Amino acid sequence: MRTYILLLFLLVSILSGFSQNTKNVTCIYKIYTPFDIKIVKPSSLNDKILKTSPLSYVLKINNNKSLFKLVEKLSVGDVNAQSLRLRKIMSFQGDNVSVDVDKDEIFEIRESLGAKFAVKTKVSDYKWNITSDTKIIDKYTCLKAVCQVPGLGRDAVLIKKEVVAYFCPELNYRFGPREFCGLPGLILEILVDNNVIGLDSITFDDTSSNDDFTKQTSNDYKIFNSYEDLFFHLYGK
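Residues numbered from 1 in each chain as written. Predicted model: local features only at pLDDT ≥ 70, side-chain atom pairs only at ≥ 80, totals over all residues. Heavy atoms only, no water.

A few points about the nonpolar core
Taken as a class, soluble globular proteins show a tendency for nonpolar side chains to be buried jointly. We count it as follows: Here, nonpolar core refers to any group of buried Ala, Val, Leu, Ile, Met, Phe, Trp, Tyr and Cys residues whose side-chain atoms link them within 4.5 Å. Accessibility here uses a 1.4 Å probe with only protein chains present; expressed as a share of the type maximum, an area under 20% marks a residue as buried, one over 50% as exposed, and anything in between as partly exposed. The helix and strand labels rest on DSSP assignments: H or I over at least four residues marks a helix, E over at least two residues marks a strand, and numbering proceeds from the N terminus. Residues count as neighbours in contact if any of their non-hydrogen atoms are within 4.5 Å of one another.
Counting 45 residues, the largest nonpolar core has Trp128, Leu186 and Leu188 as the members making the most contacts within it. Contributions of two or more residues to this core are made by β1 (24-32), β2 (55-62), β4 (94-100), β8 (140-152), β9 (158-168), β10 (186-192) and β11 (195-205). Examining the composition of this core, we find that seven residues originate from one element, β8, more than from any other. Residue contacts for Leu188: discarding those within four places in its chain leaves Tyr29, Ile137, Tyr140, Cys142, Tyr166, Phe167, Cys168, Leu171, Ile197, Gly198 and Leu199. Phe117, Phe224, Phe231 and Leu234 belong to the second-largest nonpolar core, a separate cluster that totals seven residues.

Spelled out as structure tokens, the structure:
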């Protein structure tokens, strides 16, 4: 019975969402670290992180493509560079992520150990388990979805880590923050690595976009076809 209700909710939400599709969508997300949400003990690192505010990232959507990156103008006040670097490391180590749903392609550029790398994966790689749990985010009713993705554990050992997403079927866009996508609705919140990535604002625009949604290829960095390959290259495990 719960499965039937879930399917009915998805169908109604998706059908109503078709009328809301516009040419361009701009979402601003904030990334809250474990120090911001107070799930770790206070420390000197905690003091440095909290000298800065949660970083804002922009997700721009145009038809079946998206681009996720750090907001260029940072309002960090009179903080030192080290505090800002620490917050960025804990928030998201990628430079930008481009997604092309039609090509089933996710292309992330990230920096690690002083070098830049690109990771090319697929939208279909995400095997989301959609539950019947709901959550109201802003004015939108969202469903909870869970999946497992590659990650690093202690001593840089490769592990599977859980990602929890809250997505809104009413907003008929298969995108979300960072590299997370592929659900039947826009992802408004992600829980991963003890961070909370939450939607701060969303705007819709029917005008044409001048943004470049093509992936930024370069000969200056090596391209990996999975995060496992990247982690093995960096840590040999």
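Now that the structure is up, let's keep going.
Quick word on the pattern of salt bridges
To keep things clear, this is the line we draw: Definition used for salt bridges: Asp or Glu carboxyl oxygen within 4 Å of a side-chain nitrogen of Lys or Arg.
On inspection of all chains with the given rule, the structure shows eight salt bridges. Lys161 is the partner of Asp193 in a salt bridge, and the nearest nitrogen-oxygen pair spans 2.9 Å. Placement of the pair is Asp193 in the loop between β10 and β11 and Lys161 in strand β9, with a sequence separation of 32 residues. Residue class for Asp193 comes out partly exposed when judged on its relative accessible area of 41%. The class of Lys161 is buried, set by a relative accessible area of 18%. A salt bridge links Asp193 to Arg178; the nearest nitrogen and oxygen atoms lie 3.9 Å apart. Taken together, the positions of Asp193 in the loop between β10 and β11 and Arg178 in the loop between β9 and β10 put the pair 15 residues apart, joining distant regions of the chain. Because the salt bridges share partners, they merge into one network encompassing Lys161, Arg178, Glu179 and Asp193.

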